[in-house]
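# Geometric and topological summary
Each chain, letter by letter, is given below.
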Amino acid sequence: EINIVDERLIFLKCDISDERELFKVCENNLADIDVFIANAGCGKFAKVEKFDLLDVRNLFEINLIANFQILKQILPHMKARNHGKIIFISSDADNQGFDEGTAYCASKFGLKGLSKALRVELDGTNIGVTTISPGRVDTNFNGKKEGDRPHSLKALDIANIIQFIISLPERCNVESIEVKSIYE
């Protein structure tokens, strides 16, 4: 699904766990991308011995592998233009473990590692790579409803951080941002 907000802002929406759908959306829509925001993610939480291997694969597919596949499609265009910003929305789970979060944390640690390695790979280009690692955000994530976590960050808080990163001159790259609610 493609939603054109204006001539400068296009949302490409697809099931990133479906490789065919992902490539179909990417194949005709990437040549002029200036900013890629990787915001898809999923979570499942349980003790290691209770995890089904299929659930672990699904977590890694959505939280890490799909981002890698999209990058493979986007990077040639950004490199050809020597211009762009890549922003990964991760989680504070990319730098700390927690009970029943082993698979989720591993997928988010992987995303942060992807971001760090990509930054090195793109050294000397005008392509910036940022990882935003928010704490709890009051969204529908993990079966919650907006409003269930009133003291948490709001989606608008993360959107404002993204807007700030995008507004910076090309010579500036914010490598990572860790952000939490002051109430948590």
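Scope of this entry: the structure provided in the associated data block. Note that the structure is a prediction, hence the values are computed from the model and not measured.

## So, the side chain of lysine 112
In this structure, lysine 112 sits in helix H3 (residues 102–121). Residues contacting lysine 112, with those up to four places away along its chain left out, are Asp94, Asn95, Ser133 and Glu178.

## Focus: the packing of helix H2 (residues 53–81) against H3
How two helices pack is summed up by the angle between their axes together with the distance between the axes. Interhelical geometry of H2 versus H3 gives an angle of 15 degrees and a closest axis separation of 8 Å. Between H2 and H3, the angle is such that the two are roughly parallel. Pair H2 / H3 crosses with right-handed handedness. Contact residues: H2 offers Val56, Leu59, Phe60, Asn63, Leu64, Asn67, Phe68, Leu71, Leu75 and Lys79, while H3 offers Ala103, Tyr104, Ala106, Ser107, Lys108, Gly110, Leu111, Leu114, Leu118 and Glu121. A class-by-class count of the residues in the contact of H2 with H3 yields 13 nonpolar, four polar and three charged.

## Focus on the sheet that holds strand S6 (residues 176–179)
The strand order across the open sheet formed by four strands is S3-S4-S5-S6, and the pairing between neighbours is parallel. Strands with a single pairing partner mark the edges of an open sheet, and in this sheet they are strand S3 (35–38) and S6. Across the sheet, the mean angle from the axis of one strand to that of its neighbour is 15 degrees, orientation sign disregarded. The sheet contact formed by strand S4 (residues 84–89) and strand S5 (residues 127–134) spans six bridges and is parallel. Directly across from isoleucine 89, in S5, lies its bridge partner isoleucine 132.

## Structural notes on helix H1 (residues 19–27)
The periodicity of an α-helix, 3.6 residues per turn, causes residues three or four places apart in sequence to face the same way. Taken residue by residue, H1 has Leu22, Val25 and Cys26 as its buried positions. Burial along H1 is one-sided: seen end-on, the buried residues are contained in an arc of 95 degrees. Turned more than 90 degrees off the buried face of H1, the exposed positions are Arg20, Lys24 and Glu27.

## Some points on H2
If you check H2, its first and last C-alpha atoms are 41 Å apart, about what 29 residues at 1.5 Å a residue would give, namely 42 Å. When we look at burial in H2, the residues that qualify are Leu59, Ile62, Asn63, Leu64, Ala66, Asn67, Gln69, Ile70, Leu71, Ile74, Leu75 and Met78. Summarising the contacts, the buried residues of H2 are in contact with H1, S3, S4, H3 and S5. Residue aspartate 52 occupies the N-cap position of H2, its side-chain oxygen lying 2.8 Å from the main-chain nitrogen of leucine 54. Where H2 terminates, the next one or two residues include asparagine 82, which has phi positive at roughly 50 degrees.

Definitions and cut-offs
- Residues numbered from 1 in each chain as written.
- Predicted model: local features only at pLDDT ≥ 70, side-chain atom pairs only at ≥ 80, totals over all residues.
- Heavy atoms only, no water.
- Helix = DSSP H or I, 4+ residues; strand = E, 2+ residues; numbered from the N terminus.
- Contact = heavy atoms within 4.5 Å.
- Axes fitted to C-alpha atoms, helices over the stretch in contact; angles between N-to-C directions.
- Parallel < 35°, antiparallel > 145°, perpendicular 65-115°, else oblique.
- Left-handed = near helix turned anticlockwise from the far one by under 90°.
- Nonpolar A, V, L, I, M, F, W, Y, C, P; charged D, E, K, R; others polar.
- Pairing = 2+ DSSP bridges.
- Buried < 20%, exposed > 50% of the residue type's maximum accessible area, 1.4 Å probe, protein only.
- Arc of directions from axis to C-beta.
- Expected span 1.5 Å × (residues − 1).
- Polar contact = N/O pair within 3.5 Å; in protein donor to acceptor, adjacent residues only side chain to side chain.

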